[in-house]
Amino acid sequence: MRFKKSVSFFLLFTLILMNTASYVNASVNMPSLIRIGLFYASNTLSSYSMISSSGFKVSVDDGTGNVKAIYNISYNNVQVIKDDNFYLQEGNFPDQATADGQQTKLSSDVSNSVVGYDGSYHIYIGPYSSQSDANTAMSSLKSKFSDIKLVSPNNHILITQNGKSVFLYTASNQIYLMNVSGDGPISINGKRYRGYFEFIRQQNSDMTAINVLPLEEYLYGVVPAEMPASWNIEALKAQAVAARTYAVYNLGKYSKYGFDLTNDINCQAYNGFDGENPNSTKAVNDTKGVIAVYDGKPIEAIFHSHSGGYTEDSENVYTNSVPYLRGVEDKYVFGYNESLDNWTVSVTADSVAQKLKDSGIDIGNITNIQVTSKSWTGRAIQVTIYGDKGNYVLNKNDIRNFFGLKSNMITISGNDSASNSNTAYIQSQQGVVSKSLSGLMVMSANGQKTVGNNDLYILGQSKTIKIAIQSGPSTIFTINGSGYGHGVGLSQYGARGMADHGYNYIDILKYYYKGIDVYDTINNKAL
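About the criteria used
- Residues numbered from 1 in each chain as written.
- Predicted model: local features only at pLDDT ≥ 70, side-chain atom pairs only at ≥ 80, totals over all residues.
- Heavy atoms only, no water.
- Helix = DSSP H or I, 4+ residues; strand = E, 2+ residues; numbered from the N terminus.
- Buried < 20%, exposed > 50% of the residue type's maximum accessible area, 1.4 Å probe, protein only.
- Contact = heavy atoms within 4.5 Å.
- Areas by Shrake-Rupley, 256 points an atom, 1.4 Å probe, with all protein chains shown as cover.
- Phe/Tyr/Trp six-rings, centres within 6.5 Å; stacked < 30°, edge-to-face > 60°.
- Lys NZ or Arg CZ within 6 Å of the ring centre and 35° of its normal.
- Pairing = 2+ DSSP bridges.
- Axes fitted to C-alpha atoms, helices over the stretch in contact; angles between N-to-C directions.
- Polar contact = N/O pair within 3.5 Å; in protein donor to acceptor, adjacent residues only side chain to side chain.
- Salt bridge = Lys/Arg side-chain N within 4 Å of Asp/Glu carboxyl O.
- 1 Å grid on protein atoms, 1.4 Å probe; cavity = no way out; pocket = protein on both sides within 12 Å on 5 of 7 lines; lining within 4 Å.
- Points joined across faces, edges and corners; volume = space filled by probe spheres on them.
- Nonpolar A, V, L, I, M, F, W, Y, C, P; charged D, E, K, R; others polar.

Caption draft 1: Inspection of the overall build of the protein at higher detail. Along the protein, the regular secondary structure elements total 11 helices and 35 strands. Within the span of the protein, comprising 527 residues, buried residues form 45% of the whole. By sequence separation, contacts in the protein at least 24 residues apart represent 66% of the contacts at least 6 residues apart. Accessible area of the protein: about 25900 Å², with a carbon and sulfur share of 47%.

See below:
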C-alpha cells in the first residue's frame, strides 16, 4: 500500500513538473490582420492599376474600426487615381442602386457624370481643372438641378476603367479595395497579393498603397523571399517563426504612414502571392501561431544571411546589449556558398580619400587603413583610416556601409604597389636599380648639383635637363572577408547547416536566440 502511494505521488509530481516546464507566462498580442506598405513615402504613385477576377468592392472604415462596403464595381480591371479636380455635386441618394439609376438617367443630358460618396451617395459632374470652369458649368446647369453645388479638391480618390470615371470618393483620404467574392488574390501594378488593399492620400504626397491581410498569409510571401524554399524544412520552420516573431514585435513600426511594416529590407522581404512556394507555406502552416519569447514577451527576432563563422553580440553592431542576442559559434554555416564563405574587396587610397572629401572630410593622402578594434568573435567594430593630415574612425555598421562590404568579419592589408616619389629607377648594366633622390648628386657644367626630393635631372650634351616626377599608382588596400549581413541573431545559412545535421527548428531557434522560449500562442504553451 505504501509502495502504491509512493508510486502515485511520484507520478503526480512528475506530471506537475512536466506541466510547469511547458508553462510560459507570456503576454502576446497576436494580430488577426497586418498592414504592409508596398508604396509609401518617396515611392508613392498617383495611380495604381488593379486586377481582380471577381470585380471590386469599395469599402471604408465605419468609424468603429470595422470595414463597411459602400460600392460594387463589376469591372475586373480598374485604376485607382489621386484626384485634385473640382466637381459639381447633385442629389442625395440612400444607396448605390438608386444613385446608379439616377446617374444613368442623367447621362443623357450630362455626359461627364459619376456616382460618388461622401457619407451619402451623390452624382458628381466634372471634373473641372479650375473653380472658374466649375462655376461656369454650374451656372448653365442650375436650371435643371436646383440643389447643385460646388465641391473643391480635398484629397479625393477616383476609380476609373479605361479612362472612364467609375466611382469618386470624397468623404476622407482613405478607401479599401476588395474582391467582390472575397477569394483570390488582387493584382496591383502587375503583382498579385492576398487580402485586400488600402489607399491613403497623404499630405503633400501621392497615394500610399497598403496590402492588408492575415498574419499567417503574409508569412506565405515572406519566408520564401527571405530563405530559399528548397532548403531543409526545419530551417524553413525556424525562419517562419523568426519572421512571425519579428512581425509581432514590430507591429505599428510605420504607423505614421498608416501601416505596420514595409515589404523590403527596412523590415522583411515580402513578395506576395506570386512569391509563394508550397515548401515554405508548409513551414508556416506547421508552425502556425508559434513565436519566440523572452521573459514572456516577443523578441526582436532579427536575422541575417551568413555569419562568417560567429554571430555577434547586439551591442557590437547596434547600441543596446540584448540578453537573447548573444554571439555564438556558427560552425555549420560554411560549405554552401563560396561567394559568402570568403570574398575580397580592393580599394585604393585615392578612392578612399575622395569618398571622405565628398562627405566634407579631408585627412589628406591616405597612408594606411587598419582594423583597430575587434569583438571577441573576430568581427571588426572599429576601422581607422590614417592620413597625412589626420585620421578618421569608422565604427560598427559604418564600416560595412563605407567600403560596400558584405559583412564586418574582415581583415585589411595594404600592398607595396605605390611608387615612392623620392625614389628614381635607373637602367644600369646590372638591370633596373632604385636610387633615393634625397641628397643624390648629379654632375652639371657648373659642377655637382644636389637633386631635390621631387626632382630628377638628366645630363645632356649641352645642359642638365630637369624631369618632372609623376605620381605612382595609388596604394591598394585589400579587404578579405567572410559572411553576409549584420551578423546578429539567426544565421540563415547556419540554420540550414544545423537542419542538415539533424537539428529541428526549436533547437535552431534556441541556439541563435539565447534563453528564449518557443511559444505556441494558440495552445498557450512552450514547445
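On we go.
Caption draft 2: Quick look at the environment of aspartate 350. By the secondary structure assignment, aspartate 350 is in helix H8 (residues 349-358). Exposure remark for aspartate 350: the relative accessible area of 51% places this residue in the exposed category. The spatial distance from the C-alpha of aspartate 350 to the C-alpha of glycine 364 is 9.8 Å, given a sequence separation of 14 residues.

Caption draft 3: Examining the packing of aromatic side chains more closely. Applying the stated criterion to the full structure yields 24 aromatic pairs. Note on tyrosine 193 and tyrosine 270: the rings are 5.7 Å apart at their centroids and 50 degrees apart in plane angle, and the pair reads as tilted. Placement of tyrosine 193 in strand E14 (residues 191-193) and of tyrosine 270 in the loop between strand E17 (261-262) and helix H6 (278-286) is noted, with a sequence separation of 77 residues between them. Aromatic pair tyrosine 336 and tyrosine 493: ring centres 6.4 Å apart, planes at 35 degrees, arrangement tilted. Of this pair, tyrosine 336 sits in the loop between strand E20 (303-304) and helix H7 (338-341) while tyrosine 493 is found in helix H10 (residues 492-500), placing the two residues 157 residues apart along the sequence. Using a relative accessible area of 12% as the deciding quantity, one classes tyrosine 493 as buried. Through successive ring pairs, a cluster of aromatic residues spans Phe39, Tyr48, Tyr193, Phe197, Phe199, Tyr218 and Tyr270. Its end group placed over the ring of phenylalanine 402, lysine 355 keeps NZ or CZ at 4.8 Å from the ring centre.

Caption draft 4: Inspection of the sheet that holds strand E12 (residues 174-179) at higher detail. What the seven strands build is an open sheet, ordered E4-E3-E12-E15-E16-E1-E17; its pairing is mixed. Only two strands of the sheet have a single partner each, and these edge strands are strand E4 (67-73) and E17. When strand E1 (residues 33-39) meets E17, the two strands line up parallel, connected through two bridges. By the bridge assignment for E17, isoleucine 36 is matched with leucine 261. Strands E1, strand E16 (207-214) and E17 of the sheet are contacted by helix H4 (residues 215-226), whose axis makes an angle of about 110 degrees with E16.

Caption draft 5: Spatial organisation of the side chain of serine 113. Along the polypeptide, serine 113 turns up in strand E7 (residues 113-117). In terms of polar contacts, serine 113 uses its side chain to reach the side chain of glutamine 103, at 3.0 Å. Ignoring anything within four residues of it in the chain, the contact list for serine 113 reads Gln103, Leu106, Ile123, Tyr124 and Ile125.

Caption draft 6: Focus on the pattern of salt bridges. In this structure the tally under the stated criterion is 12 salt bridges. Note that arginine 201 and aspartate 84 form a salt bridge whose closest N and O atoms lie 2.9 Å from each other. Here arginine 201, found in strand E15 (residues 196-201), pairs with aspartate 84, found in the loop between strand E5 (77-83) and strand E6 (86-93); they are 117 residues apart in sequence, far enough to count as distant. Look at the salt bridges and you will find they share partners, linking Asp313, Glu315 and Arg326 into a network.

Caption draft 7: Up close: the pairing of E5. Judged from the five bridges that link them, strand E2 (residues 47-51) and E5 form a sheet pairing that is antiparallel. When the sheet's bridge partners are listed, tyrosine 48 is paired in E5 with valine 80. Of the pairings in the sheet, the one linking E5 to strand E10 (residues 156-161) comprises five bridges and is antiparallel in character. Across the sheet, glutamine 79 pairs through a bridge with threonine 160, a residue of E10.

Caption draft 8: Structural context of the sheet that holds strand E11 (residues 164-169). Taken in spatial order, the 10 strands of this open sheet run E9-E6-E8-E7-E11-E10-E5-E2-E13-E14, and their pairing is mixed. What marks the edges here is a single partner per strand, and that holds for strand E9 (149-151) and E14. Across the sheet, the mean angle from the axis of one strand to that of its neighbour is 35 degrees, orientation sign disregarded. Note that E2 and strand E13 (residues 186-188) share two bridges and pair antiparallel.

Caption draft 9: Spatial organisation of empty space enclosed by the protein. All told, the structure shown has one cavity of 30 Å³ or more when counted by the stated rule. Taken as a whole, the largest cavity holds about 30 Å³ of empty space. Taken together, Asn316, Val317, Arg379, Asn397, Arg400, Asn408, Gly485 and His486 make up the lining of the largest cavity. For the lining of the largest cavity, the residue count by class is one nonpolar, five polar and two charged.

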